[in-house]
Amino acid sequence: MSEVKLTAATRSEFGKGAARRIRRENKVPGVLYGHGSDPLHLTLPGHELLLALRTPNVLISLDIDGKTNELAIPKSVQRDPIKGFLEHVDLLLVKRGEKVTVEIPVQTEGELAPGGNLLEHVLNALPVEAEATHIPEAVTVSVEGLEAGASIHAKDITLPSGVTLAVEEDAVVLQVLAAQAEEAVEGEETEGAEEVAEA
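Draft legend 1. Structural view of the overall build of the protein chain. Helix and strand counts for the protein chain stand at three helices and 13 strands. Here the protein chain, with 199 residues, has 33% of them falling under the buried criterion. Put simply, 63% of the contacts in the protein chain that link residues at least 6 apart link residues at least 24 apart. Looking at the protein chain as shown, the accessible area adds up to about 11900 Å², and 48% of this sits on carbon and sulfur atoms.

Structure below.
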């Protein structure tokens, strides 16, 4: 997984007004917490943070005030619902070698069996436990040739070395749904109408 270095500064101003001022400077207010330490309020570079967050569970190396270096992973990201810019980020403090529980995206490859069946993502992300500096960016699952009624459980997914499931093994991750035939539905509606007419 990738590690991104960001320069952060501690902040002592809080509230909406302070947050707006920070964002006007193309920066993002954030909080670093974890390991039982007091939350540390930070100001982070907006553009660099936005680029870093394109990678799920990115490992961020923080240079704080030029004095301390900390490792963190994003835990919660708030975006403006209309314009999409970053409003606030919560970062979780991690240590090298430490295990953390995160959700990794589930990607699929291959084609379902012919017949217009639909693939449903029951879980868009798979909860796993992994070493903080070796969190996989995603897992890829083959759905080649799967037919209606087939499902893939958490235990069926091959995980990278050192990564374990943080969800029930029998949890359904993907399932194949039968295509709904429109003609059949219309036919049923017609039969129902005839029954009503007879009554």
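Draft legend 2. Here's a closer look at unusual backbone geometry. Its identity is not glycine, yet Asn26 carries a phi of approximately 60 degrees, on the positive side. With relative accessibility at 62%, the residue Asn26 sits in the exposed group. Of note, Asp65 is a non-glycine position whose phi angle comes to about 55 degrees, a positive value. By the element assignment, Asp65 lies in the loop between β4 (59-64) and β5 (68-79).

Draft legend 3. Highlighting the sheet that holds strand β8 (residues 118-121). Within the open sheet, the three strands sit side by side as β8-β13-β11. Their pairing is antiparallel. Both outer strands of the open sheet, β8 and β11 (151-153), are each paired with one neighbouring strand and no more. Here the strands of the sheet are splayed against their neighbours by 10 degrees on average, with no regard to which way each runs. In the sheet, β11 pairs with strand β13 (residues 172-177) via three bridges, with the strands oriented antiparallel. Bridge pairing in β13 links Ile152 to Leu174.

Draft legend 4. Representation of the sheet that holds strand β2 (residues 27-34) in the model. One closed barrel holds the six strands; their spatial order is β1-β3-β2-β6-β5-β4, and the pairing between them is mixed. Adjacent strand axes in the sheet meet at a mean angle of 45 degrees, parallel and antiparallel pairs treated alike. Bridge count between strand β1 (residues 3-10) and β4: six bridges; the pairing is parallel. Within β4, the residue paired with Leu6 across the bridge is Leu62.

Draft legend 5. Highlighting the nonpolar core. Grouped together as the largest cluster of nonpolar side chains are 23 residues, with contacts concentrated most on Ile73 and Leu126. Within the residue set of this core, elements represented by two or more residues are β5, β6 (86-94), β7 (99-109), β9 (125-131), β10 (139-142) and β13. The biggest single contributor to this core is β7, with four residues. Not counting residues within four places of it along the chain, the set of residues in contact with Leu126 comprises Val102, Glu103, Ile104, Val106, Val139, Ala154, Ile157, Leu159, Leu165, Val167 and Val173. With 18 residues, the next largest nonpolar core counts Ala8, Val28, Leu62 and Leu91 among its residues.

Draft legend 6. Expanded view of the pairing of β5. Direction of pairing for β4 relative to β5: antiparallel, over a ladder of five bridges. Across the sheet, Ile64 pairs through a bridge with Thr68, a residue of β5. In sequence, β4 turns back onto β5 through a hairpin of three residues, with Asp65 there showing a positive phi of about 55 degrees. The pairing of β5 with β6 spans eight bridges and is antiparallel. Bridging across to β6, Val77 finds its partner in Val89. Here β5 folds back onto β6, and the loop between the two strands holds six residues, one of which, Gly84, carries a positive phi near 85 degrees.

Draft legend 7. Focus on the side chain of Ser61. Inspection of the secondary structure puts Ser61 in strand β4. The contacts of Ser61, once residues within four sequence positions are left out, are Glu3, Val4, Lys5, Leu6, Glu70 and Leu71.

Draft legend 8. Structural view of the environment of Thr133. Looking at the secondary structure, you find Thr133 in the loop between β9 and β10. Residue classification places Thr133 among the buried residues on the basis of a relative accessible area of 12%. Sequence separation of Thr133 and Glu98 is 35 residues, and the distance between their C-alpha atoms is 8.1 Å. One polar contact links Thr133 to Glu131, side chain to side chain, over a distance of 2.7 Å. Polar contacts involving the side chain of Thr133 include one to the side chain of His134, which spans 3.2 Å.

What counts, and at which threshold
Residues numbered from 1 in each chain as written. Predicted model: local features only at pLDDT ≥ 70, side-chain atom pairs only at ≥ 80, totals over all residues. Heavy atoms only, no water. Helix = DSSP H or I, 4+ residues; strand = E, 2+ residues; numbered from the N terminus. Buried < 20%, exposed > 50% of the residue type's maximum accessible area, 1.4 Å probe, protein only. Contact = heavy atoms within 4.5 Å. Areas by Shrake-Rupley, 256 points an atom, 1.4 Å probe, with all protein chains shown as cover. Pairing = 2+ DSSP bridges. Axes fitted to C-alpha atoms, helices over the stretch in contact; angles between N-to-C directions. Core = buried A, V, L, I, M, F, W, Y, C linked by side-chain atoms within 4.5 Å. Polar contact = N/O pair within 3.5 Å; in protein donor to acceptor, adjacent residues only side chain to side chain.

Shape is all these values report; function is a separate question.
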